[in-house]
Amino acid sequence: MTAPVSNTDSSTATGSKSEQAYVQLKQRILGGEMSAGYRLVLSSIANDLGFSVVPVREAIRRLEAEGLVHFERNVGATVAGIDPDLYLHTMQTLSIIEGAATALAAPAVTGEELAKARALNEQMREVLLDFDPVRFTKLNTEFHALLYARCPNPHILDLVHRGWFRLSSMRTSTFRYVPGRAHESVAEHDALLDLIESGAPAPDVEHAARAHRTNTLNAFLAQNGQPPSPI
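This is a predicted model, so every value here is computed, not measured. (Residues numbered from 1 in each chain as written. Predicted model: local features only at pLDDT ≥ 70, side-chain atom pairs only at ≥ 80, totals over all residues. Heavy atoms only, no water.)

What follows concerns the overall build of the protein. When you go through the protein residue by residue, the secondary structure sums to 10 helices and two strands. When the helices and strands of the protein are placed in sequence order, the string is α-α-α-β-β-α-α-α-α-α-α-α. When the backbone C-alpha atoms are referred to their principal axes, the protein occupies close to 60 × 40 × 40 Å. Sorting the 231 residues of the protein into buried and exposed places 42% on the buried side. Of the contacts made within the protein by residues no fewer than 6 positions apart, 71% connect residues no fewer than 24 positions apart. Element-wise, carbon and sulfur atoms account for 54% of the exposed surface of the protein, whose accessible area totals about 11,700 Å². In the protein, 21 side chains carry a positive charge and 26 a negative one; their mean positions are 7 Å apart. (Helix = DSSP H or I, 4+ residues; strand = E, 2+ residues; numbered from the N terminus. Buried < 20%, exposed > 50% of the residue type's maximum accessible area, 1.4 Å probe, protein only. Contact = heavy atoms within 4.5 Å. Areas by Shrake-Rupley, 256 points an atom, 1.4 Å probe, with all protein chains shown as cover. Lys, Arg positive; Asp, Glu negative; His and termini not counted. Charge placed at Lys NZ, Arg CZ, Asp CG, Glu CD.)

The following block contains the structure:
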């Protein structure tokens, strides 16, 4: 089964045909319209876009290089699934380095930034009423970026960015698999913001931020019948 690709998206109206195909396909993979296992049939996609198969093939090769597409013998190109080991290791690493970055950044977070973070968390709370995991994940990413952005250690910050990029490349939203975790996540956000606003000691902020990330990982592991992370 293949997902239809529209050629009416204004965001892809410029650039080479290969670039347009790449952008449209990536949007649909990241947005969940093309889920893991979707077959990317060259002729079908090319026909939908009004292109030849050459630029579509180039686009799919780019997506394969980014880990979003997988080539399987006798099957062809399909949307890649989540590598459970890569997800586990990425989330374990993030729990440590993002916890440290958030704690180091906390004293420098402004009142305006805290207010914006609370507003984002309220938007996440509203999304819970008619749950959209893609929207929730986008807001969640913005929320955490606000809290660790002022980390004064550029090396730790670089590692955090790498971790988030790796998650994005896996195009996974844990909340798609364990939507119940989203409710707990919003409550934990409130507690983390309260700690930062009150000027809590750095170890307390780091522990809360680290536990928050580990709790999300453990919800995913439990859903897949795996034991909780030891760290």
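Compared with the 26 Å implied by 1.5 Å per residue over 18 residues, the 27 Å span of helix α9 (residues 180-197) between its first and last C-alpha is a close match. Listed in full, the buried residues belonging to α9 are Arg181, Ala182, Ser185, Val186, His189, Leu192, Leu193 and Ile196. The buried residues of α9 occupy an angular sector of 140° when the element is viewed end-on, so they sit on one face. Each element contacted by the buried residues of α9 is listed here: α4 (84-105), α5 (111-127), α6 (133-148), α8 (174-177) and α10 (202-223). Just downstream of α9, Gly199 is the residue with a positive phi angle, here 70°. (Expected span 1.5 Å × (residues − 1). Arc of directions from axis to C-beta.)

For the structure shown, the criterion picks out 11 salt bridges. Between Arg181 and Glu188 there is a salt bridge, with the nearest N and O atoms lying 2.6 Å from each other. For Arg181, a relative accessible area of 3% translates into the label buried. Looking at Glu188, the relative accessible area reads 22%, which means it is partly exposed. (Salt bridge = Lys/Arg side-chain N within 4 Å of Asp/Glu carboxyl O.)

The next thing to look at is the confidence of the model for the protein. In this model, the protein carries a mean pLDDT of 87, and residues with pLDDT of at least 70 account for 91%. Ranking the elements of the protein by mean pLDDT puts α8 last with 73 and α5 first with 97. Scored below 50 in pLDDT, residues 1-13 makes 31 contacts in the model with residues more than four places away or belonging to other chains. (pLDDT = per-residue confidence, 0-100.)

Along the chain, Ile196 falls in helix α9. Residues Ile196 and Ser44, 152 residues apart in the sequence, show an inter-C-alpha distance of 52 Å. Contacts of Ile196, omitting those with residues within four sequence positions, involve Thr102, Ala106, Val109, Leu114, Leu147 and Val205.

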